[in-house]
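Commentary on secondary and tertiary structure
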Amino acid sequence: MARFEATVSRLGTVLESDGSPAEAEGVLNPACARAPGGELLLYPRVVAAGNVSRVGLLRAGDGVRFERLGFALEPEKPYEMRPPGCGGMGCEDPRVTYVPALERYVMVYTGFGPLGPRVVFALSTDAYHWERLGPVDFKTHALASGDDKDGVFFPEPVRSPAGVLSFAFFHRPMKALSTLDGHAAIPQLLELPPSERESTCIAYIPVDAVRADIRNLLVPHESLIVLAPDGPWGRLKTGGGTPPVRVAEGWFSLYHAVDAVEIDGRYAMTYSAGIVILDIDRPHIVRYRSPVPVLSPEHPDEMHGVVNNVVFPTGIDVRGERNLDIYYGMADARIGRAAIALPPAAVAGKTAAA
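One structure accompanies this document, and this report is about it. (Residues numbered from 1 in each chain as written. Predicted model: local features only at pLDDT ≥ 70, side-chain atom pairs only at ≥ 80, totals over all residues. Heavy atoms only, no water.)

Here we look at the overall build of the protein chain
Helices and strands together make up the secondary structure of the protein chain, namely 4 helices and 22 strands. Here the C-alpha atoms of the protein chain give a radius of gyration of 19 Å, agreeing with the 20 Å that 2.2 N^0.38 yields for 354 residues. Projected onto the principal axes, the alpha-carbon positions of the protein chain cover approximately 50 × 50 × 45 Å. Expressed as a percentage of the 354 residues in the protein chain, the buried residues total 54%. Long-range contacts, defined here as pairs at least 24 residues apart, represent 59% of the contacts in the protein chain between residues at least 6 apart. (Helix = DSSP H or I, 4+ residues; strand = E, 2+ residues; numbered from the N terminus. Rg over C-alpha atoms; globule rule 2.2 N^0.38 Å. Buried < 20%, exposed > 50% of the residue type's maximum accessible area, 1.4 Å probe, protein only. Contact = heavy atoms within 4.5 Å.)

Here it is, written out as structure tokens:
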């Protein structure tokens, strides 16, 4: 697909810190899901002093007001815990997908503990109560292991590059350079070929293995780069954003990508969002990718915060056949909502590019 039009409309800031100690450093990057009863739930990353992160649990009320119900997850496992003063810890940046084949909701989040960021799965049958499955094991099948984040689960089984019917999830293996000092490493990262920079990958877990034992969900057999930072924007790195949604053209998702601009001898990073459409059967095949961002930091709430110039899409709510609401982090401090209207399926691919 060379062209795909989508209309994106900002709907404003919908959530920010209530001033409590648990939210002292921001409310951001939320997952969302519809519970079995149809109510909309939001799962923001809630950050206390010292960069201690929890996954909140909120329920939509009238309009865009959300009722705080407590926490879906709090740091308690070894892979989520670090001593105070070590730069933070906890449960970060969740995404939630309902997977009918599993009869469960799957939450993928970043567990930030003594080994650094790791992709972790939790499961629920009611979207309110969550049980950790644990960190993903990339080593068993000799896949790249180490610092990793931006996990996002697909709602349906797909075919892996090897042709195996599999459950699948986005993830982003990280470079040691960026883990040590993100800003100082920028010149070195930009000197690397795009395929060697931090890229969005899809990992695959055979369905038969999961049917035999649900814990095999943690053991991917294959992983492949699908979004290298090789386009006209987002040259530093890319990462998974919202859970994929099936549309007529394939799997629709928003992803984030990062640009770095040198200003007065220092690099400033900008996080923007774009559309990607992947093949419905073999999602390692990219059918469409935004030639320009569809959402970039423009509003003051997106430009100024804990980390300036960030829009970070993580939640998606299907509002109609071709209408979606997106929930996204704003400057690592608060949460915004945007509406996306897709073109009629019959003319998609023939309209102006997003």
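A few points about the state of the cysteines
For the coordinates displayed, the defined rule picks out 0 disulfides. There is no disulfide at Cys86, and the cysteine sulfur nearest it, in Cys91, is 17 Å away. (Disulfide = S-S within 2.5 Å.)

Notes on unusual backbone geometry
Even without glycine at this site, Asp150 takes up a positive phi of about 60 degrees. In this structure, Asp150 sits in strand β10 (residues 148–153). Positive phi values are uncommon outside glycine, yet Asp332 reaches one of about 55 degrees. With respect to the helices and strands, the residue Asp332 is situated in the loop between β21 (323–330) and β22 (334–341).

As for the sheet that holds strand β1 (residues 7–15)
Overall, antiparallel pairing links the 4 strands, which are arranged β1-β22-β21-β20 in an open sheet. Two strands close off the open sheet at either side, each with one partner strand: β1 and β20 (311–320). Here the average twist between neighbouring strands, direction ignored, is 25 degrees. Relative to β22, β1 runs antiparallel, the two being bridged by 7 bridges. Its bridge partner being in β22, Gly12 is matched across the sheet by Arg337. (Pairing = 2+ DSSP bridges. Axes fitted to C-alpha atoms, helices over the stretch in contact; angles between N-to-C directions.)

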